[in-house]
Amino acid sequence: MDSIKALRGFRDIYGEEIEKFALIEAASRKHLKLLGYKELEIPVLEKTELFKRSIGDTTDIVEKEMFTFIDRSGDSVTVRPEGTAGVVRAYLQGSFHAKERVSKLFTMGPMFRHERPQKGRFRQFYQMDVEVFGISEPMADAELIWMISLILKDLGLANYTIEINSVGCRECREGFRDALLGFLGSRKDGLCEDCVNRLDRNPLRVFDCKNEQCGEVIREAPVLFDHLCSGCKEHFDACLDRLTRFGVAFVLNKRLVRGLDYYTRTVFEVTSDDLGAQKAFLAGGRYDNLVHEMGGPSVPGCGFAIGMERLSLLIPTLPPKGAPLYFLATVGDRAGELVIPILRSFVASGLPLAYAVPARSLKSQMKYANSLGADHVLILSDEEVSRGVILVRNMQDGTQKEVPLETHSLPILVMQ
Ligand SMILES: [Zn+2]
Ligand SMILES: [Zn+2]
């Protein structure tokens, strides 16, 4: 019988990759705590309506990529394709806005999109999602981006670029829309079918099209950056000024847009040439209208999400492990009975101790200890038990010593 495999685009994560996930999480948590963020856990499954309203009906995510189905009660539900919509829903449902002026929240976990699987992109992928509510000043945007640079520095990342842009507000978009429609109308022949359909509904979405032909047209299109209203221009300049004062290096990319409708003003991506064509591994921005559009009061917000898979591809090889690993090899019944007391005293002392079950020949146990990368092997046969000693072999230099077989103080005796 064939064994059952995971679904296409879904996979198991283990080994060095999951250790790198843990490093990203630890570096993120350290700085999130320093800057006053609180953790939040939100459901993986939500009403489909939540994502339609927040991300936007005409986006690629909603039109093509969501895992949406009718559940047993006949309701349309969706496994979350991103984190912000759920965090905003939780923020409103928990009345955070009534309890605190500023809410700084983060959550992490799997997201789901029905995309074509490719390098570092999967249908179930993991994100660290960070959101700030209640601050309209550009200090919030700058502090977020500064924190990102601190997290990446902790992870040893060197080759990356912070790209930043402003996508303006409703006011500046009105003027830009006309300029863009005029341009795209004259270049209709060069656009894919999807983009032609988008012209009437949401011409800004043309900027996210992955079609190469459309890419050529887009490269010549007018940019929103040149149509920013004075308020948005001022906000953006102030954001860049604060970034400079935080000592963060960035690149202005006037063509940067995000594939979600809710962004206003600041948007940013962190990219690396080491990732190939789709080089962003972190993205975010400001969404000043989203909370209100989701049925809440008018509360500004901004945030970002780290793509764990793609960032882990960029983390240099893991540093050597910290604590030394001990291995206990036993030969004979009397020795075997001492495994439990010895294991208990090692774990109580905070020292890792591995052992083989079942304990076969000494040779096979030594081989196993080697495969685990043990630094020291404790060798105990019935003969040593009778003499009241245990052998400690240093696997690096091959030297061996005898220490008294005193279970309780064994970790200390072994380390001396
Ligand atoms: Zn504006
Ligand atoms: Zn297109």
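Read on for an overview of the structure. (Residues numbered from 1 in each chain as written. Chains lettered and ligands numbered in written order. Predicted model: local features only at pLDDT ≥ 70, side-chain atom pairs only at ≥ 80, totals over all residues. Heavy atoms only, no water.)

Regarding the overall build of the chain
- Of regular secondary structure, the chain possesses 17 helices and 16 strands.
- With respect to the three principal axes, the spread of C-alpha positions in the chain is 90 × 55 × 40 Å.
- The burial tally for the chain puts 50% of its 416 residues in the buried class.
- At a minimum sequence separation of 6, the contacts of the chain that also span at least 24 residues come to 70%. (Helix = DSSP H or I, 4+ residues; strand = E, 2+ residues; numbered from the N terminus. Buried < 20%, exposed > 50% of the residue type's maximum accessible area, 1.4 Å probe, protein only. Contact = heavy atoms within 4.5 Å.)

Looking at the coordination of the zinc ion (ligand 2)
- Within the first shell, the zinc ion (ligand 2) binds the protein through Cys192 (SG), Cys195 (SG), Cys209 (SG) and Cys214 (SG), at distances of 2.3 Å.
- For the zinc ion (ligand 2), the 4 donor atoms in the first shell make angles of 106 to 113 degrees at the metal, so the coordination geometry reads as tetrahedral.
- Taking relative accessible area as the criterion, cysteine 192 reaches 14% and is therefore assigned buried. (Donors = N, O, S within 2.8 Å, 3.2 Å for Na, K, Ca; no water. Tetrahedral: all angles 85-135°; square planar, octahedral: opposite > 155°, others 65-115°.)

Observations regarding the coordination of the zinc ion (ligand 1)
- Those protein atoms acting as donors to the zinc ion (ligand 1) are Cys169 (SG), Cys172 (SG), Cys229 (SG) and Cys232 (SG), and they sit at 2.2 to 2.3 Å.
- Relative to the metal, the 4 donor atoms surrounding the zinc ion (ligand 1) lie at angles of 104 to 119 degrees, and the coordination shape comes out tetrahedral.
- Look at where the donors of the zinc ion (ligand 1) fall in the sequence and you get C-x2-C-x56-C-x2-C. Residue cysteine 172 is located in helix 7 (residues 170–186), and its partner cysteine 232 is located in helix 10 (residues 230–246); the two are separated by 60 residues in the primary sequence.
- When its relative accessible area of 3% is taken as the criterion, cysteine 172 is described as buried.

Let's talk about unusual backbone geometry
- Cis rather than trans, the peptide bond between valine 357 and proline 358 has omega equal to -5 degrees.
- If you trace the backbone, proline 358 turns up in the loop between strand 13 (353–355) and helix 15 (362–372).
- With phi around 50 degrees, serine 95 is a residue other than glycine that occupies positive phi space.
- Relative to the elements of secondary structure, serine 95 occurs in the loop between helix 4 (84–93) and helix 5 (96–99).
- For serine 95, a relative accessible area of 30% gives the class partly exposed.
- Positive phi values are uncommon outside glycine, yet arginine 265 reaches one of about 55 degrees.
- Inspection of the secondary structure assignment puts arginine 265 in strand 9 (residues 264–271).

Here's the deal with the layout of surface pockets
- Roughly 540 Å³ of internal volume is contained in the second largest pocket.
- Surrounding the second largest pocket, 24 residues form its lining, Arg173, Asn202, Leu204, Asp261 and Tyr263 being those nearest its centre.
- Taken together, the elements giving at least two residues each to the lining of the second largest pocket come down to helix 2 (48–55), helix 7 and strand 9.
- Counting residues per element, the lining of the second largest pocket draws most heavily on helix 7, which supplies 4 residues.
- When its residues are assigned to classes, the lining of the second largest pocket shows 9 nonpolar, 5 polar and 10 charged. (1 Å grid on protein atoms, 1.4 Å probe; cavity = no way out; pocket = protein on both sides within 12 Å on 5 of 7 lines; lining within 4 Å. Points joined across faces, edges and corners; volume = space filled by probe spheres on them. Nonpolar A, V, L, I, M, F, W, Y, C, P; charged D, E, K, R; others polar.)

A few points about the environment of valine 267
- When you line up the elements, valine 267 lands in strand 9.
- Relative accessible area serves as the criterion here: at 0%, valine 267 is assigned to the buried category.
- Valine 267 sits 84 residues away from phenylalanine 183 along the chain, and the two C-alpha atoms are 24 Å apart.
- Residues contacting valine 267, with those up to four places away along its chain left out, are Glu163, Ile164, Asn165, Val167, Leu256, Arg258, Gly284 and Gly285.

Re the sheet that holds strand 9
- Here we have 8 strands laid out as an open sheet, ordered 1-5-6-11-10-9-7-8, and mixed in their pairing. Where the open sheet ends on each side, the last strands, each with one partner, are strand 1 (38–39) and strand 8 (251–252).
- Direction of pairing for strand 6 (residues 124–133) relative to strand 11 (residues 301–307): antiparallel, over a ladder of 7 bridges. Its bridge partner being in strand 11, methionine 128 is matched across the sheet by isoleucine 306. (Pairing = 2+ DSSP bridges.)

Re the sheet that holds strand 2 (residues 45–47)
- Reading across the sheet, the 3 strands line up as 2-4-3 and stay open at both edges, with antiparallel pairing between neighbours. Pairing within the sheet leaves two strands with one partner each, and these edge strands are strand 2 and strand 3 (67–70). Averaged over neighbouring strand pairs, the angle between their axes works out to 35 degrees when direction is ignored.
- In this sheet, strand 4 (residues 76–79) lies alongside strand 2 in antiparallel orientation, the contact comprising 3 bridges. Its bridge partner lying in strand 4, glutamate 46 is registered against threonine 78.
- Running at roughly 75 degrees to strand 2, helix 2 makes contact with strand 2, strand 3 and strand 4 of the sheet. (Axes fitted to C-alpha atoms, helices over the stretch in contact; angles between N-to-C directions.)

A short note on the pattern of salt bridges
- Using the criterion set out here, one finds 22 salt bridges in the structure.
- Linking arginine 387 and glutamate 402 is a salt bridge whose minimum nitrogen-to-oxygen distance equals 2.9 Å. Here the residue arginine 387 occupies a position in helix 16 (residues 382–387), and glutamate 402 occupies one in strand 16 (residues 400–404), the gap between them amounting to 15 residues.
- Residue classification places arginine 387 among the partly exposed positions, given a relative accessible area of 43%.
- The exposure class assigned to glutamate 402 is partly exposed, which follows from its relative accessible area of 43%.
- Salt bridges sharing common partners tie together Asp60, Lys64, Asp194 and Arg198. (Salt bridge = Lys/Arg side-chain N within 4 Å of Asp/Glu carboxyl O.)

Thoughts on empty space enclosed by the protein
- Inspection of the entire model under this criterion finds 1 cavity of 30 Å³ or more.
- If you add up the space inside the largest cavity, you get close to 60 Å³.
- Residues belonging to the lining of the largest cavity are distributed by class as follows: 7 nonpolar, 2 polar and 2 charged.

What to know about the pairing of strand 14 (residues 376–381)
- With respect to burial, strand 14 is a largely interior element, 6 of its 6 residues being buried.
- Of the two faces of strand 14, the one carrying His376, Leu378 and Leu380 and the one carrying Val377, Ile379 and Ser381 are both buried.
- Note: strand 12 (residues 326–331) against strand 14, 6 bridges, orientation parallel. Its bridge partner lying in strand 14, tyrosine 326 is registered against histidine 376.
- Judged from the 4 bridges that link them, strand 14 and strand 15 (residues 389–394) form a sheet pairing that is antiparallel. Each bridged residue has a counterpart across the sheet, and for histidine 376 the counterpart in strand 15 is asparagine 394.

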